[in-house]
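Single-letter residue listing:
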Amino acid sequence: MTKTLIICLIALTLHGFAQTQLFIPDTLVGPNYTLSMHKDSVQFFPSGNISHTYAFNANQYLGPTLIFNKGTSINITVNNQIDDTTTVHWHGIHLPSKWDGGPHTSISPGNTWNPQFTVMDNAATYWYHPHLHMKTAEQAIKGAAGLIIVRDPLEAALTLPRKYGIDDFPLVVQCQQYDVNNQAMPLGMQDSTVLVNGARANNGYSVFGNFPAQLVRMRILNASGERAFNFGFSGNMSFYQIASDGGLLDAPYSTTRVRLGPGERAEIILNLTGMNGQSFYLMSYASELSMGIQGGPTMPMPGGPPMDSPLNGIDFNIMQINVVPQTVNPVTNIPSVLTTNNPYSTGSANITRTIRFTADSAMVMDGPFYFNDSTFNMMRMDYEIPLGNIEIWKLVNETMVAHPFHIHDVQFFVIDRNGSPPTPEERGRKDVVLIPPGDSLMFITKFEDFADTIVPFMYHCHILMHEDDGMMGQFIVKPNPTSTSEIMLNNSIINIYPNPAKNSLTVSINGNDSFTPFEIKVYDLIGKLIYSETAGKSRTVINSSNWNSGLYSIIIKQGKNSIHKKTIIE
Ligand code: C2O
Ligand code: CU
Ligand code: CU
């Protein structure tokens, strides 16, 4: 301790370096969680303005780590105390779409949102962040994000370091650009300020962590808006990767690098036994990233001003790790088998969907980018996926830059990258996958458990500026049709018009007034009941003049039969 302090003081006097000890966010343990998103500020830079931030609860930047236990029912209260609309999305978590926190489920300033669901995910590291359309980047890089650690009995039975902050370290790594007034820039291409759990890690600053001389676990999240990191340690120290985004790998994978695009997570185990007193660095070996991956080497723009961050294409330090004495009862060995991941067989897939990553021209470097040439439209449902479908999604990057593709609702298994089976680190459960230019990748997944005809799930590029720019699509998971023998009402006899409608909406059922009464219920996109009536006539006119414009779901029910329809109010 004293030694570290002296080294700090020497470093300060000699180089003007400031050292910050790694901050470990608090944990919140369920079943009830309260998250208050508020405005705050941090003096990130030694001179000039404070930086305005968003944070949760007692933090000034980022939020607490939520601990979820698989199988438990949880209840989260999200308070929006920023002066802006927001949403909070539970990235990687499998849950009903109305609690997913996508762009359709916004929380207005001063309001509260109360998702309740049962945790079904495997033990791994997930995270939460805002997802308001066109504002995700702005709100996330101001600090409105945090980690989620899911625990489950299978993982708990393995001998692995899991004492939070003692031998199991959360590392939220971000790289962003700050403007001349020290404010985070959502669209900054010259991202050069690296933050680890919200502490500055470069430009004369250094973050250090004290890690015990034993097996330690790190849960690394790349929470950057754009940059990919090629994580490794100084001296090319080797380590084991034990988990990818959504769960354990089958076996610890011995390596010297783990590449994470924005949104991706990895859990690694580092053996520091016998290293007490030594120091080394967590680094990004960005020189090894291939062209087109953000943060990797770039070609200078002929004649133009330098466009790129000084960190691009160089190997740089992220955090100093000082090895300190062992704790009591350290974990001394990790198991050679962790779990068994069972990807669905390709033969069981119901459909293959191809998603091409495109741009206006082949030369576009900074967007906008699209999926299959079309930009995101909140009113358009890109896919209706039958509940229970097993699907192969084929992602083809036709642009000049890499895109980390993310899908909500499910974890997937990579089955093929450029014609080859996935490498060990990509054989586990994932929800984000980095697709460099020219790559073509296939994953397989199953859409289980949660069907909702109203609120869609998203899929998008996790480069936040690409997402905000429209590199996003949405799908609903459709419930299975009820048995046909009972259906009297059917789509072809129900008419809802005009569509779009303005002041009034007519629901008509072909036939006559001898129909037994039917129920009409209208829901908005977040599933709120807007209108309900029991109609006895074949034609009902509903006054919609007070409704907000948007997409509405109409359910017409008679006895056991119900028909779902959608309409737009202008
Ligand atoms: Cu991490 Cu749709 O997001
Ligand atoms: Cu997500
Ligand atoms: Cu992208």
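Residues numbered from 1 in each chain as written. Chains lettered and ligands numbered in written order. Predicted model: local features only at pLDDT ≥ 70, side-chain atom pairs only at ≥ 80, totals over all residues. Heavy atoms only, no water.

**Q** Help me understand the sheet that holds strand β34 (residues 472-478), please; the structure alone is not making it clear to me.
**A** Hydrogen bonds along the backbone pair up the strands of a sheet, which may run parallel or antiparallel. Pairing is mixed in the open sheet, where 5 strands are placed in the order β27-β34-β33-β29-β31. The sheet terminates laterally at β27 (383-386) and β31 (432-435), the two strands that pair on one side only. If you compare each strand with its neighbour and ignore which way they point, the axes differ by 25° on average. Both β27 and β34 contribute to a ladder of 4 bridges, which runs parallel. From the neighbouring strand, P386 faces β34, where its bridge partner is K478. (Pairing = 2+ DSSP bridges. Helix = DSSP H or I, 4+ residues; strand = E, 2+ residues; numbered from the N terminus. Axes fitted to C-alpha atoms, helices over the stretch in contact; angles between N-to-C directions.)

**Q** Whenever I open this one, empty space enclosed by the protein confuses me. Can you help?
**A** Where empty space is left in the structure can be found by rolling a water-sized probe over the atoms. One pass over the structure, following the stated rule, counts 3 cavities of 30 Å³ or more. Considering only enclosed or pocket space, the largest cavity measures out at about 100 Å³ in volume. Residue lining of the largest cavity: I141, C175, Q176, Q177, M185, P186, G188, D191, G225, E226, L464 and M465, and that is the complete set. Of all elements in the fold, only β12 (168-178) and α4 (464-468) reach the threshold of two or more residues within the lining of the largest cavity. Among the elements that make up the lining of the largest cavity, the one with the highest residue count is β12 (3 residues). (1 Å grid on protein atoms, 1.4 Å probe; cavity = no way out; pocket = protein on both sides within 12 Å on 5 of 7 lines; lining within 4 Å. Points joined across faces, edges and corners; volume = space filled by probe spheres on them.)

**Q** Help me out: how do you make sense of the packing of aromatic side chains in this one?
**A** Each aromatic ring pair is specified by the distance between its two centres and by the angle formed by the two planes. Scanning the entire structure with this criterion turns up 33 aromatic pairs. Their ring planes at 55° and their centres at 6.2 Å tell us that W99 and W113 sit as a pair that is tilted. Of this pair, W99 sits in the loop between β7 (89-91) and β8 (112-113) while W113 is found in strand β8, placing the two residues 14 residues apart along the sequence. The rings of F357, F371, Y383, W393, F405, F412, F443, F447, F457, Y459 and F475 are connected pair by pair, giving a single aromatic cluster. Geometry around Y54 places K142 over its ring, the cationic atom sitting 4.5 Å from the centre. Directly above the aromatic system of Y285 lies the positively charged group of R257, at a separation of 3.4 Å from the ring centroid. (Phe/Tyr/Trp six-rings, centres within 6.5 Å; stacked < 30°, edge-to-face > 60°. Lys NZ or Arg CZ within 6 Å of the ring centre and 35° of its normal.)

**Q** What is the right way to read a nonpolar patch on the surface from this model?
**A** On the surface, M363, M365 and M400 cluster together into a nonpolar patch covering about 310 Å² of accessible area. As for its position among the elements, M363 is in the loop between β25 (351-359) and β26 (369-371). The exposure class assigned to M363 is exposed, which follows from its relative accessible area of 62%. (Patch = residues over 30% accessible without salt bridge, like charges linked within 9 Å, V, L, I, M, F, W, Y side chains within 5 Å. Areas by Shrake-Rupley, 256 points an atom, 1.4 Å probe, with all protein chains shown as cover. Salt bridge = Lys/Arg side-chain N within 4 Å of Asp/Glu carboxyl O. Buried < 20%, exposed > 50% of the residue type's maximum accessible area, 1.4 Å probe, protein only.)

**Q** Teacher, can you tell me more about the coordination of the copper ion (ligand 2) here?
**A** Ideal values for angles at a metal depend on the geometry: 109.5 degrees with four tetrahedral donors, 90 or 180 degrees with six octahedral donors. Binding of the copper ion (ligand 2) to the protein goes through H89 (NE2) and H406 (NE2), at separations of 1.9 Å. Placement of H89 in strand β7 and of H406 in strand β29 (residues 403-407) is noted, with a sequence separation of 317 residues between them. Taking the relative accessible area as the measure of exposure, H406 reaches 1% and is therefore buried. (Donors = N, O, S within 2.8 Å, 3.2 Å for Na, K, Ca; no water.)

**Q** Looking at this structure, I do not really get the coordination of the copper ion (ligand 3). What am I missing?
**A** Those protein atoms acting as donors to the copper ion (ligand 3) are H403 (ND1), C461 (SG) and H466 (ND1), and they sit at 2.0 to 2.1 Å. The motif formed by the donor residues of the copper ion (ligand 3), counted along the single chain, is H-x57-C-x4-H. With respect to class, C461 is no different from H466; both count as buried.

**Q** Where do I start with the domain arrangement of the protein chain in this structure?
**A** For an interface, size is often stated in terms of accessible area lost upon the parts coming together. As assigned here, the protein chain comprises domain 1 (346-478) and domain 2 (483-569). Distance between the C-alpha centres of domain 1 and domain 2: 33 Å. The interface of domain 1 with domain 2 comprises 5 residues on the first partner and 11 residues on the second. Taken over both partners, the interface formed by domain 1 and domain 2 buries close to 690 Å², and the fraction arising from carbon and sulfur atoms is 70%. It is M379, T453 and I454 that lose the most area in domain 1 upon contact with domain 2, and together they represent 76% of the buried surface on that side. Taken together, the links from domain 1 to domain 2 amount to 0 salt bridges. For the interface between domain 1 and domain 2, the tally reads 2 residue pairs in polar contact (both at pLDDT 80 or more). When the residues that make up the side of domain 1 that touches domain 2 are grouped by side-chain class, the tally is 4 nonpolar, 1 polar and no charged. (Domains from an automatic or database assignment. Contact = heavy atoms within 4.5 Å. Buried area = accessible area lost by both parts, 1.4 Å probe. Polar contact = N/O pair within 3.5 Å; in protein donor to acceptor, adjacent residues only side chain to side chain. Nonpolar A, V, L, I, M, F, W, Y, C, P; charged D, E, K, R; others polar.)

**Q** I tried to follow the sheet that holds β26 on my own but got confused; where do I start?
**A** The 5 strands lie next to each other as β26-β25-β28-β32-β30, forming an open sheet whose pairing is mixed. Strand pairing shows two members of the sheet lacking a second neighbour, β26 and β30 (413-417), which therefore form its edges. Sheet twist, expressed as the mean angle between neighbouring strand axes with direction ignored, is 20°. Pairing analysis gives 7 bridges linking β25 to strand β28 (residues 390-397), with the strands arranged parallel.

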